Amino acid sequence: MVETISTSREAILLEEQYGAHNYHPLPVVLTKGEGVFLWDVEGKRYYDFLSAYSAVNQGHCHPRIINALIQQAKELTLTSRAFYNDKLGIAEKYVCETFGYQKALFMNSGAEANETAIKLARKWGYTKKGIPDNQAVIVCVSQNFHGRTTTIISASSDAIARSGFGPFMPGFKIVAYDNVDVLKEALANPDVCALWIEPIQGEAGVYVPQAGYLKAAEELCLKHNVLLMMDEIQTGIARTGSMLASDHENVHPDILILGKAISGGVLPISVVLANDEIMLVIKPGEHGSTFGGNPLAAVVCMEALKVVKDEALADNAEKLGSVFRRRMEELMKKTNLILQVRGKGLLNAIVINDSPQSETAWNICIDLMNHGMLAKPTHGNIIRLAPPLVINEEQIHECCDIIEQCVLNFRK
Ligand code: PLP
């Protein structure tokens with residue numbers, strides 16, 4: 001019986017043998033995190049440029065969030081929603097006031113929050129918009145990523161996410177992303193209850209839509225009495241240089257979906273926000289989750305959001321994001337290995353000039369890892385670069401130096 005791991009190799013072999021093979025991790029075994037840094041079991045330090053897919057915006061093991069977790073864990077962790085608890089209402093009020101909604105519904109994972117939004121939109125469609133029973137359509141966009149449940153992958157255009165998992169849930173219409181004309185047509189269908197989008201497509205490879213797209217989408221939703229459901233699970237909580245990516249265009253979705261960094265990466269917490277007219281269509285017994293809204297999550301979520309505000313992490317993301325992209329644009333002039341640099345705030349990607357099937361981006365990430373920086377390709381030739389938002393300017397430059405060195409020295 002193995003109780004402690006002393007080498008990376010040991011840990012990797014164990015996971016290979018006993019764990020499901022549903023991920024393809026970089027060969028690094030992490031044991032400790034603090035702020036922007038991670039350490040492997042051999043004691044080597046790395047800059048984290050993934051931030052657990054943007055869940056650790058506040059930095060690893062933020063002392064204020066960990067302290068809130070410990071204090072509450074000693075008092076009460078879980079009651080279920082069969083009873084009230086003395087923390088949930090405070091957290092609901094806090095998130096409602098922070099994001100400007102009347103009601104909040106706490107869940108756990110991002111996928112569950114999206115499932116919640118789908119149920120809300122459909123029920124609203126039948127009870128408020130008058131869509132005939134079982135006819136509701138949700139318009140979504142190609143290359144979306146909203147999670148892994150069977151309903152959510154029914155709305156996906158990604159063959160790998162879907163293959164072998166049918167039959168699929170009906171009621172989704174997939175249209176092109178970043179295209180206002182297709183929305184004009186799709187949203188005019190009277191059976192459409194919602195438009196479901198990410199303000200910047202993270203998993204797809206950090207696709208930033210043209211300025212004005214989100215605003216136009218919001219206006220079209222208003223015109224056709226369609227709910228705007230915004231999945232800000234990856235883009236929210238200061239990642240793109242404002243509390244929400246929707247804020248950049250002054251867009252206020254009808255249903256806001258948050259996850260990941262609302263816990264600072266400490267617990268799986270997600271939340272769906274909406275006004276009464278929408279949220280109250282769900283009645284007791286129609287939706288829920290044993291862990292959703294537990295007092296431990298309530299306390300952790302509030303502290304995680306307070307840290308984001310107190311440490312002005314959105315401003316830092318905005319400022320250092322510009323520094324980062326400027327450095328990458330300079331690097332592009334020195335090599336033809338980088339095709340494009342794109343992103344907003346500290347959610348960025350470099351597109352490697354090779355086919356998505358090639359190993360080039362992966363091998364660059366291995367080289368980055370050897371030089372003390374952790375990042376991972378998405379969709380083959382795109383490397384997403386998203387450090388914790390507590391990173392400082394000197395550290396950003398140091399990481400840009402590492403990227404520059406690895407890219408310029410890269411040999412196939
Ligand atoms: N929505 C978006 C935009 C995401 O980026 C993710 C995860 O990467 C999810 C939903 C799914 O969240 P979870 O993995 O917590 O279910």
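Going by the structure above, here's the rest.
Right, let's walk through the structure included here. Predicted model only: the values in this text are computed from it and were never measured.

1. Let's talk about the pairing of strand β15 (residues 382-385)
Turning to step 1, where the next piece is worked out: Side chains Ile382 and Arg384 project from β15 onto one buried face, and the interleaved Ile383 and Leu385 project onto a second face that is buried too.
Turning to step 2, where the next piece is worked out: Of the pairings in the sheet, the one linking strand β12 (residues 347-352) to β15 comprises 4 bridges and is antiparallel in character. Paired with Asn348 across the strands is Leu385, a residue of β15.
Turning to step 3, where the next piece is worked out: Where strand β14 (residues 376-378) meets β15, 3 bridges bridge the pair, whose relative direction is antiparallel. Looking at the pairing, Thr378 lines up with Ile382 of β15.
Turning to step 4, where the next piece is worked out: Linking β14 to β15, which pair antiparallel, is a turn of 3 residues; within it His379 sits at a positive phi near 50°.

2. Looking at the site of the ligand
Turning to step 1, where the next piece is worked out: The ligand sits among 13 residues. The nearest are Gly110, Ala111, Asp231, Gln234 and Lys260.
Turning to step 2, where the next piece is worked out: In the environment of the ligand, a nitrogen atom lies 2.7 Å from a nitrogen or oxygen atom belonging to the side chain of Asp231.
Turning to step 3, where the next piece is worked out: A distance of 2.7 Å is found between an oxygen atom of the ligand and a side-chain nitrogen or oxygen belonging to Lys260.
Turning to step 4, where the next piece is worked out: When residues in the shell around the ligand are grouped by element, the largest group, 3 residues, is from helix α5 (residues 110-129).

3. Here's the deal with the nonpolar core
Turning to step 1, where the next piece is worked out: Phe49, Phe99, Leu273 and Ile403 are the most contacted members of the largest nonpolar core, which has 75 residues in total.
Turning to step 2, where the next piece is worked out: Looking at this core, the element that brings in the most residues is helix α11 (residues 295-310), giving 10 residues.
Turning to step 3, where the next piece is worked out: Taken together, domain 1 (8-58 + 312-408) and domain 2 (63-310) each give at least three residues to this core, which thus spans both.
Turning to step 4, where the next piece is worked out: Residues contacting Leu273, with those up to four places away along its chain left out, are Val95, Cys96, Phe99, Tyr101, Lys103, Ala104, Asp254, Ile255, Leu256, Leu258 and Met279.
Turning to step 5, where the next piece is worked out: Ranked by size, the runner-up nonpolar core spans 30 residues in total, among them Ala117, Ile152, Met229 and Ile233.

What counts and what doesn't
- Residues numbered from 1 in each chain as written.
- Predicted model: local features only at pLDDT ≥ 70, side-chain atom pairs only at ≥ 80, totals over all residues.
- Heavy atoms only, no water.
- Buried < 20%, exposed > 50% of the residue type's maximum accessible area, 1.4 Å probe, protein only.
- Helix = DSSP H or I, 4+ residues; strand = E, 2+ residues; numbered from the N terminus.
- Pairing = 2+ DSSP bridges.
- Near = heavy atom within 4 Å.
- Polar contact = N/O pair within 3.5 Å; in protein donor to acceptor, adjacent residues only side chain to side chain.
- Core = buried A, V, L, I, M, F, W, Y, C linked by side-chain atoms within 4.5 Å.
- Domains from an automatic or database assignment.
- Contact = heavy atoms within 4.5 Å.

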